[in-house]
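Each chain is listed here by its residues.
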Amino acid sequence: MKLDRATVEHIANLAKLDLTDNEIERYAEQLSAILDYAERLNEVDTSAIPPTASVLPLRSVLRPDEARESLPRDVALSNAADTAEGQFRVEAVLDGGGGA
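Residues numbered from 1 in each chain as written. Predicted model: local features only at pLDDT ≥ 70, side-chain atom pairs only at ≥ 80, totals over all residues. Heavy atoms only, no water.

A.B. asks: Help me understand the packing of helix H1 (residues 5-14) against helix H2 (residues 21-42), please; the structure alone is not making it clear to me.
C.D. replies: Two quantities define a packed helix pair, namely the angle between the helix axes and the distance between the axes. Between H1 and H2, whose axes approach to 9 Å, the crossing angle comes to 100 degrees. Classified by the angle between their axes, H1 and H2 sit roughly perpendicular to one another. Contact residues: Arg-5, Val-8, Glu-9 and Ile-11 in H1; Asp-21, Ile-24, Glu-25, Tyr-27, Ala-28 and Leu-31 in H2. For the contact of H1 with H2, a count of residues per class yields 6 nonpolar, no polar and 4 charged. (Axes fitted to C-alpha atoms, helices over the stretch in contact; angles between N-to-C directions. Helix = DSSP H or I, 4+ residues; strand = E, 2+ residues; numbered from the N terminus. Parallel < 35°, antiparallel > 145°, perpendicular 65-115°, else oblique. Contact = heavy atoms within 4.5 Å. Nonpolar A, V, L, I, M, F, W, Y, C, P; charged D, E, K, R; others polar.)

A.B. asks: What is the right way to look at the environment of Glu-91 in this model?
C.D. replies: Mapped onto the elements, Glu-91 comes out in the segment after strand S2 (87-88). Looking at Glu-91, the relative accessible area reads 70%, which means it is exposed. C-alpha separation for the pair Glu-91 and Leu-14, spaced 77 residues apart in sequence, amounts to 42 Å. (Buried < 20%, exposed > 50% of the residue type's maximum accessible area, 1.4 Å probe, protein only.)

Next up, the structure:
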């Protein structure tokens, strides 16, 4: 698919790019080549391939959810900007007015 100058200028405008005349010509060629390749991919017979979200086997990257020792309170609070009664103390984020 051959992209014309007006199409490349439109794409550049949408992307908020200020392109020179040389860049417009170069990108027209490059984008046309990309679209031609994508069109070639549409010609590949994939009827025997089941739909899949990934070609890799599914595996969890998270650690198992197991109970374990937690961080001691004094260590957790050691870098806090402010504490009160063994807890983090922060500014209120809600006004508590309860309006609509």
